[in-house]
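Structural features, examined
Here is how the chains run, residue by residue.
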Amino acid sequence: MEQLQAQSREKKTGNAVKVLRNEGWVPGIMYGSEVGNKPIQVKGRELDAALRHQATNKPFRLSVDGDTHDVMVYELQRHPLQGNILHADFKKINMNEKIHTSVPVLMTGDPELGVATLIRHSVEVTCLPGNIPESFLVDVDGFNIGDVVLVADLTVPPGVELGLDSTEVLISVLPVKAKSEESIDAEQEAEAVAEKAGTANE
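Residues numbered from 1 in each chain as written. Predicted model: local features only at pLDDT ≥ 70, side-chain atom pairs only at ≥ 80, totals over all residues. Heavy atoms only, no water.

Considering helix α2 (residues 44-53)
Residues G44, L47, A50 and L51 constitute the buried set of α2. The buried residues of α2 occupy one face: seen down the axis, they fall within an arc of 130°. Structural note: α2 exposes R45, R52 and H53 on the side pointing more than 90 degrees away from its buried face. Residues of α2 that are buried sit in contact with β1 (3-8), β2 (25-32), β3 (36-43), β4 (60-64), β5 (67-78) and β6 (85-92). (Buried < 20%, exposed > 50% of the residue type's maximum accessible area, 1.4 Å probe, protein only. Helix = DSSP H or I, 4+ residues; strand = E, 2+ residues; numbered from the N terminus. Arc of directions from axis to C-beta. Contact = heavy atoms within 4.5 Å.)

Side note on the sheet that holds β6
The six strands are arranged β1-β3-β2-β6-β5-β4 in a closed barrel whose pairing can be described as mixed. Neighbouring strand axes in the sheet, compared pairwise and without regard to direction, differ in orientation by 45° on average. Lying on the sheet, helix α1 (residues 15-22) is in contact with β2, β3 and β6; it crosses β2 at an angle near 110°. Along the sheet, α2 makes contact with β1, β2, β3, β4, β5 and β6, crossing β3 at roughly 95°. (Pairing = 2+ DSSP bridges. Axes fitted to C-alpha atoms, helices over the stretch in contact; angles between N-to-C directions.)

Observations concerning the environment of L170
Assignment of secondary structure puts L170 in strand β13 (residues 169-174). By relative accessible area, L170 is classed as buried at 0%. Sequence separation between L170 and D153 is 17 residues, and the spatial gap between their C-alpha atoms is 9.4 Å.

See the structure below:
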């Protein structure tokens, strides 16, 4: 479990928050029945590093002013252009109580024919925080047009309950879309221009 250091902060807005971010901090909130809504701040670099090592749907250990809390990242607000984290919400959890969360569905490999398309990008699960899978990885290598992957086909770790019907489709292999007449004409025109340019250079 990834560990993060945090500090309590006064709830501020406007310029005070900008100053905080300029100093490398990410303002945030830790909330839960035991802690209420506690304003905190974490170092942006440390938060980025932790998120590179562990998916956001897994529990983190958050140390606030010397007290340690097991938390889940509930929400991250990012800058729309730069992508850096502007605000983070952490929910305090009990590692001995089951929680509901979503697990991403990822694909590996290439179909023999057609294109593998994700119908659902994630699956809802219920389990203890320590049992949350980071992802469900599906190998579509050698699949053909018309093949599908159902919820029932997933490899589910012990203690994890899925929130979807076992017959629901997660991945479908579809035919490659035929090129439109316009795109074919554009390709032929580009080839003709390239050929003419090549002749002129000879």
